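# Summary of the model geometry
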Amino acid sequence: MKKIILLIYICLNGLLHAQDVTPSDTYVRTCINDIECSSINSSSFLFYDEARGQFYIKIDFNRLKTGVDSVDFWLNDLTDTYYYFKASLPPDQLPTLSTYNRKTFRLVGQAFLNNVWHNQTIEITVFRAEADMLNNTTDADRYAAYKVNFNLSIVPRDFGINKKPQRLSNTIFVGVGSGRINVLKQGMESLLGEAYNHSTN
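Computed from a predicted structure; not experimentally measured.

Reading the values: the criteria
- Residues numbered from 1 in each chain as written.
- Predicted model: local features only at pLDDT ≥ 70, side-chain atom pairs only at ≥ 80, totals over all residues.
- Heavy atoms only, no water.
- Helix = DSSP H or I, 4+ residues; strand = E, 2+ residues; numbered from the N terminus.
- Buried < 20%, exposed > 50% of the residue type's maximum accessible area, 1.4 Å probe, protein only.
- Contact = heavy atoms within 4.5 Å.
- Areas by Shrake-Rupley, 256 points an atom, 1.4 Å probe, with all protein chains shown as cover.
- Phe/Tyr/Trp six-rings, centres within 6.5 Å; stacked < 30°, edge-to-face > 60°.
- 1 Å grid on protein atoms, 1.4 Å probe; cavity = no way out; pocket = protein on both sides within 12 Å on 5 of 7 lines; lining within 4 Å.
- Points joined across faces, edges and corners; volume = space filled by probe spheres on them.
- Nonpolar A, V, L, I, M, F, W, Y, C, P; charged D, E, K, R; others polar.
- Lys, Arg positive; Asp, Glu negative; His and termini not counted.
- Salt bridge = Lys/Arg side-chain N within 4 Å of Asp/Glu carboxyl O.
- Polar contact = N/O pair within 3.5 Å; in protein donor to acceptor, adjacent residues only side chain to side chain.
- Core = buried A, V, L, I, M, F, W, Y, C linked by side-chain atoms within 4.5 Å.
- Pairing = 2+ DSSP bridges.

### Side note on the overall build of the protein chain
From N to C terminus, the protein chain includes 2 helices and 8 strands. Element order for the protein chain, N to C, with α for helix and β for strand: α-β-β-β-α-β-β-β-β-β. Within the protein chain, buried positions represent 45% of all 201 residues. Residue pairs in contact within the protein chain that sit at least 24 positions apart in sequence constitute 62% of those at least 6 positions apart. Accessible surface, the protein chain as shown: approximately 11,000 Å² in total, 49% of it carbon and sulfur.

### Thoughts on the packing of aromatic side chains
Aromatic ring pairs: the centre-centre distance and the angle between the two ring planes describe each pair. As enumerated under the stated definition, the model contains 6 aromatic pairs in all. Residues Tyr-27 and Phe-173 carry aromatic rings whose centres are separated by 6.5 Å and whose planes lie at 65° to one another, so their mutual orientation is edge-to-face. Within this pair, whereas Tyr-27 is found in strand 1 (residues 24-32), its partner Phe-173 is found in strand 8 (residues 172-183), the two being separated by 146 residues in sequence. Judged by centre distance (5.2 Å) and plane angle (35°), the rings of Tyr-48 and Tyr-143 are tilted. Here Tyr-48, found in strand 2 (residues 35-49), pairs with Tyr-143, found in the loop between strand 6 (116-128) and strand 7 (146-154); they are 95 residues apart in sequence, far enough to count as distant. For Tyr-48, a relative accessible area of 1% gives the class buried. Relative accessible area serves as the criterion here: at 4%, Tyr-143 is assigned to the buried category. Here the aromatic residues Tyr-82, Tyr-84, Phe-112 and Trp-117 are joined through ring pairs into a cluster of three or more.

### Observations regarding the environment of Ser-43
Mapped onto the elements of the fold, Ser-43 is located in strand 2. Sequence separation of Ser-43 and Lys-58 is 15 residues, and the distance between their C-alpha atoms is 8.3 Å. Sequence-distant contacts of Ser-43, that is, excluding residues within four places in its chain, are made with Ser-24, Thr-26, Lys-58, Ile-59, Asp-60, Arg-63 and Leu-64.

### Overview of the layout of surface pockets
Of the volumes computed, that of the largest pocket is approximately 220 Å³. Lining the largest pocket are 11 residues, and of these Asp-20, Ile-181, Asn-182, Val-183 and Lys-185 lie nearest its centre. For the lining of the largest pocket, the leading source of residues is strand 8, giving 4 residues. Looking at the lining of the largest pocket, its residues break down into 5 nonpolar, 3 polar and 3 charged.

### Here we look at the side chain of Asp-49
Position of Asp-49 among the secondary structure elements: in strand 2. Summary of buried charges: Asp-49 has no salt-bridge partner, and the nearest side chain of opposite charge, Arg-52, is 4.0 Å away. In this view, Asp-49 contacts Gln-54, Tyr-56, Leu-184 and Tyr-196; residues no more than four positions away in its chain are not counted.

### Notes on the environment of Asn-114
Along the polypeptide, Asn-114 turns up in the loop between strand 5 (102-113) and strand 6. Put simply, Asn-114 and Thr-79 are 35 residues apart on the chain and 9.9 Å apart in space, counted from C-alpha to C-alpha. When sequence neighbours within four positions are dropped, the list of residues in contact with Asn-114 reads Thr-81, Phe-159, Gly-160, Ile-161 and Lys-164. A polar contact of 3.4 Å, which involves the side chain of Asn-114, links it to the side chain of Lys-164.

### Here's the deal with the nonpolar core
Inside soluble globular proteins, nonpolar side chains tend to come together where they are buried. Among the nonpolar cores identified, the biggest contains 38 residues, and Ile-57, Tyr-83, Ile-124, Phe-150 and Ile-154 are the most heavily contacted of them. Of all the elements in the fold, those that place two or more residues in this core are strand 1, strand 2, strand 3 (54-60), strand 4 (82-88), strand 5, strand 6, strand 7 and strand 8. Once residues lying within four places of it in the same chain are set aside, the contact partners of Ile-124 are Phe-55, Leu-89, Lys-103, Thr-104, Phe-105, Leu-107, Val-148, Asn-149 and Phe-150. By size, the runner-up hydrophobic cluster in this structure holds 12 residues, among which are Phe-45, Phe-47, Leu-192 and Tyr-196.

### Brief notes about the pairing of strand 6
As paired strands, strand 5 and strand 6 are joined by 12 bridges and run antiparallel to one another. Within strand 6, the residue paired with Val-108 across the bridge is Thr-121. Between strand 5 and strand 6, which pair antiparallel in sequence order, lie 2 residues; one of them, Asn-114, sits at a positive phi of approximately 55°. The sheet contact formed by strand 6 and strand 7 spans 5 bridges and is antiparallel. For Ile-124, the partnering residue across the bridge sits in strand 7 and is Phe-150.

If you want it as structure tokens, here you go:
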């Protein structure tokens, strides 16, 4: 009985934290049979675990759908899975908030999609939002002041996506501009699925 109550508590806690998570605008593009397919929506979630020094990206392809089948067909092979990326990023490497600093990192990590892990390297640029310069943000809540730019490529055959009905074979381009970092708090681990405990070593 105690185990059941604990599980219910964990689930409810995760749902409450999910409401506090801020998504980032995401542009996704690929090509099928010489037809360019693209979509843009708030479908990415960026997380930072300060205690572990880990940076995460989560992409929810379902949020990219428009509701029009003739437009969304190319997303059908992606909407039953999430894309996760996980890499080490020590907090002392992040730019300070004293000035309009920006810093580019080459993150060597691993990506997860369609139940497959694959090594991936992504370059991200972290900077302080210009609007925040007027707010005198302190280090206590500095992560809310950061913005993140990056792009990445997903090769369908690396994750077995090319074997699904739509036969996606061309590289999928993903771009995020001025993304928002969500601090990973206790109870939010479930939002990252198995990516949270997966070792990148």
